[in-house]
Amino acid sequence: MQKYELIPLQLLREGVIEEGNLFVPGMLDEDDVLRAHTKDYWERLRDLSLDPREIRRTGFILDRALVDRESSIVQGTIESAHNALEHGLSFNIAGGTHHAGSDWGEGFCLLNDQAIAAQHLLAIGLVERILIVDLDVHQGNGTAEIFGTNDRVFTFSVHAEKNFPFRKEKSDLDIGLNIGIGDEDYLEILEENLIEVLESFHPQFVFYQSGVDVLQTDKLGHLNLTMNGCALRDELVFQLCKMRGIPVQVSMGGGYSAELRFVVQAHCQTFKKGIEIFF
Ligand SMILES: [Zn+2]
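First things first, this report covers the structure right here in the doc. (Residues numbered from 1 in each chain as written. Predicted model: local features only at pLDDT ≥ 70, side-chain atom pairs only at ≥ 80, totals over all residues. Heavy atoms only, no water.)

Turning next to the overall build of the protein chain. In terms of regular secondary structure, the protein chain is built from 10 helices and six strands. For the protein chain, the C-alpha radius of gyration of 17 Å lies close to 19 Å, the compact-globule estimate for 279 residues. For the C-alpha atoms alone, the extent of the protein chain along its principal axes is close to 45 × 40 × 40 Å. Here the protein chain, with 279 residues, has 57% of them falling under the buried criterion. Taking as baseline every contact in the protein chain between residues at least 6 positions apart, the subset at least 24 positions apart corresponds to 74%. (Helix = DSSP H or I, 4+ residues; strand = E, 2+ residues; numbered from the N terminus. Rg over C-alpha atoms; globule rule 2.2 N^0.38 Å. Buried < 20%, exposed > 50% of the residue type's maximum accessible area, 1.4 Å probe, protein only. Contact = heavy atoms within 4.5 Å.)

The next subject is the coordination of the zinc ion. Protein-derived ligands of the zinc ion are Asp136 (OD), His138 (ND1) and Asp213 (OD), with the metal-ligand distances lying across 1.9 to 2.1 Å. Sequence spacing of the donors to the zinc ion: D-x1-H-x74-D. Both residues of the pair, Asp136 and His138, belong to the buried class. (Donors = N, O, S within 2.8 Å, 3.2 Å for Na, K, Ca; no water.)

Spatially, six strands are ordered 1-6-5-2-3-4 in an open sheet, and the strand pairing comes out parallel. Edge positions in the sheet fall to strand 1 (89-92) and strand 4 (173-177), since each of these pairs with one other strand and no more. In this sheet, neighbouring strand axes are inclined to one another by 10 degrees on average, regardless of whether the strands run parallel or antiparallel. Inspection of the sheet shows strand 2 (residues 130-134) paired to strand 5 (residues 205-209) by five bridges, in the parallel sense. Bridge pairing in strand 5 places Ile132 opposite Phe207. (Pairing = 2+ DSSP bridges. Axes fitted to C-alpha atoms, helices over the stretch in contact; angles between N-to-C directions.)

Right, let's get into the packing of aromatic side chains. A full pass over the atoms with the stated rule returns seven aromatic pairs. Measuring from ring centre to ring centre gives 5.4 Å for Phe60 and Phe108, while their planes differ by 70 degrees; the resulting arrangement is edge-to-face. Of this pair, Phe60 sits in the loop between helix 4 (52-58) and helix 5 (64-87) while Phe108 sits in the loop between strand 1 and helix 6 (113-123), and the two are 48 residues apart along the sequence. Given a relative accessible area of 46%, Phe108 falls into the partly exposed group. (Phe/Tyr/Trp six-rings, centres within 6.5 Å; stacked < 30°, edge-to-face > 60°.)

Of all five residues making up strand 5, five are buried, and the element is well covered by its neighbours. Burial of the side chains of strand 5 extends over both faces: Phe205, Phe207 and Gln209 are buried on one face and Val206 and Tyr208 on the other. Pairing of strand 5 with strand 6 (residues 248-251) involves four bridges; the strand directions are parallel. Paired with Gln209 across the strands is Ser251, a residue of strand 6. Following the chain from strand 5 across helix 9 (residues 227-242) to the adjacent parallel strand 6, one finds a crossover that is right-handed. (Right-handed = clockwise from strand over helix to strand, strands pointing away.)

Turning our eyes to something else, we now look at the packing of helix 8 (residues 183-201) against helix 9. Helix-helix packing is described using two parameters, namely the angle between the two axes and the distance between the axes. With their axes 10 Å apart at the nearest point, helix 8 and helix 9 run at an angle of 15 degrees to one another. Regarding the angle of helix 8 to helix 9, the classification is roughly parallel. The crossing of helix 8 and helix 9 is right-handed. Contact residues: Asp183, Tyr186, Leu187, Leu190, Glu191, Leu194, Ile195 and Leu198 in helix 8; Gly229, Leu232, Arg233, Leu236, Val237 and Leu240 in helix 9. (Parallel < 35°, antiparallel > 145°, perpendicular 65-115°, else oblique. Left-handed = near helix turned anticlockwise from the far one by under 90°.)

What follows concerns a nonpolar patch on the surface. A contiguous nonpolar surface patch, about 240 Å² in accessible area, is contributed by Leu85, Ile124 and Leu126. Note on placement: Leu126 falls in the loop between helix 6 and strand 2. On the accessibility criterion, Leu126 (42% relative accessible area) is partly exposed. (Patch = residues over 30% accessible without salt bridge, like charges linked within 9 Å, V, L, I, M, F, W, Y side chains within 5 Å. Areas by Shrake-Rupley, 256 points an atom, 1.4 Å probe, with all protein chains shown as cover. Salt bridge = Lys/Arg side-chain N within 4 Å of Asp/Glu carboxyl O.)

Tracing the backbone through its elements, the reader meets Val67 in helix 5. Sequence spacing of Val67 and Leu190 is 123 residues, and the spatial spacing of their C-alpha atoms is 34 Å. With residues up to four places along the chain from it excluded, the contact list for Val67 reads Leu45, Arg46, Leu48 and Leu62.

Shown next, in the form of structure tokens:
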């Protein structure tokens, strides 16, 4: 979890953000959780009583601190979504826990932060149509499952097809990429499909899961994006939303390059690109 401490430090050091731009999330309301997760799953997660098989699936050793941390991240994304509505763009320095489904945790995800925040915005009537753009190299299977029959949320996932999760859920639009795809092909596919979704669905709000495990240096990704290609990816998402006046909430997602500095650099450039384009 070291990257989550390093990202804000790096952004402060480079003057990309100031202390006053950072916020500490408040307490998560259970009603928000229950709009995306089942009562049974949430209560057993909260009470640390998931069964051993379910715990193994999360990849974590489950304890109080971990559940509290995840709850704080989720609340961070809810508050970040409100900030985005107010200012156009807002980030969670963590989050993007897209493998958590309505009644399961998986792949280091316990609660689905952007799914919960999307349901929150819809429930209080702030927006009617939400697009979730998930560009983490792994499919956003939890998000896809949670919004399976919900026509107010469009789920769009661009991921490596032959990668975890091996049993995928059905997003509204899934682009399963071949192993080893590079900048040019990736950006062309993304641009074409994202424009098509924006023009046909007309979202009023975008949640962006900006996982940097698409990098060629990533141990788990199997794609071949350069650091610059990853920046161009972020730029494309931000530009297409900004020009249509759509607010964007960003959660970080995965990043597993052997050298941590590449992970931090890639996440920081997501902030830089967004801030450059929106403000
Ligand atoms: Zn990932």
